[in-house]
Amino acid sequence: QVQWPLQYYDPATAIRKAQALEVKEAQVAKEEQARVLVRSALQGVCRALQVVLQEERAVRRGGVLAEDTQKAARDLLLVREVEDDMNRAAYIVGSPEAQGERMLAVESLEAIAEGALQGQLVGERQARVADRWLLVTNHLAEYLLCMPADRV
């Protein structure tokens, strides 16, 4: 039969070790939750980028109504809430550069959504709207580049 040396057991040390382990586990869980939230938000941004690229191509091909392109921009802002996704990811990651690109992308989307265009996009109007979509694309891409790969 093994006798445990009770004189070496310190309950206070055991409690401190257990508390430290709990704190570390909570921190790991919190970091994992933050990663999940950032990934989810960035997936929303990537889906928005895909829509923006499709709209830019459609406008460049021609035959698109101004109302349709405005509706697509409003959909990104209001329904898909791309700005909220961008805010969430930039806040969690703590990237001020990403916040600047977010503002520029949203302003470009708002310019398309609030444009006073009507009818079919042709000629100079078509090129101008396609360039605005391209500008949104560039800002979204720059935003994604601001995200540190090791924290996502």
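**Notes on the pattern of salt bridges**
By the definition in use, this model includes seven salt bridges. We note a salt bridge from Arg-35 to Glu-32, for which the minimum N-O separation is 3.6 Å. You can see Arg-35 and its partner Glu-32 sitting in helix H1 (residues 11-61), three residues apart, about one turn around the helix. On the accessibility criterion, Glu-32 (36% relative accessible area) is partly exposed. For Asp-131, the salt bridge goes to Arg-60, with nearest N and O atoms at 2.9 Å. Highlighted residues: Asp-131 in helix H5 (residues 123-146) and Arg-60 in helix H1, separated in sequence by 71 residues.

**Points about H5**
In this model, H5 (24 residues) spans 35 Å end to end at C-alpha, consistent with the 34 Å of a helix rising 1.5 Å per residue. Within the sequence span of H5, burial applies to Gln-126, Val-129, Ala-130, Trp-133, Val-136, Thr-137, His-139, Leu-140 and Tyr-143. In this structure, the buried side of H5 is in contact with H1, helix H2 (66-79), helix H3 (82-93) and helix H4 (96-113).

**Observations concerning the nonpolar core**
By size, the foremost hydrophobic cluster in this structure holds 36 residues, and its most contacted members are Leu-76, Leu-109, Trp-133, Leu-140, Tyr-143 and Met-147. Counting only elements with at least two residues in this core, the list comes to H1, H2, H3, H4 and H5. Beyond its immediate chain neighbours, meaning those up to four positions away, Leu-109 contacts Ala-73, Leu-76, Leu-77, Val-82, Trp-133 and Val-136.

**Things to note about the side chain of Gln-126**
Summarising the element assignment, Gln-126 is placed in helix H5. In this structure Gln-126 comes out as buried when scored by relative accessible area, which is 16%. In terms of polar contacts, Gln-126 uses its side chain to reach the backbone carbonyl oxygen of Val-59, at 2.6 Å. Filtering out sequence-adjacent residues up to four positions away, Gln-126 remains in contact with Val-59, Arg-60, Arg-61, Gly-62 and Leu-121.

So, how was this worked out
Residues numbered from 1 in each chain as written. Predicted model: local features only at pLDDT ≥ 70, side-chain atom pairs only at ≥ 80, totals over all residues. Heavy atoms only, no water. Salt bridge = Lys/Arg side-chain N within 4 Å of Asp/Glu carboxyl O. Helix = DSSP H or I, 4+ residues; strand = E, 2+ residues; numbered from the N terminus. Buried < 20%, exposed > 50% of the residue type's maximum accessible area, 1.4 Å probe, protein only. Expected span 1.5 Å × (residues − 1). Contact = heavy atoms within 4.5 Å. Core = buried A, V, L, I, M, F, W, Y, C linked by side-chain atoms within 4.5 Å. Polar contact = N/O pair within 3.5 Å; in protein donor to acceptor, adjacent residues only side chain to side chain.

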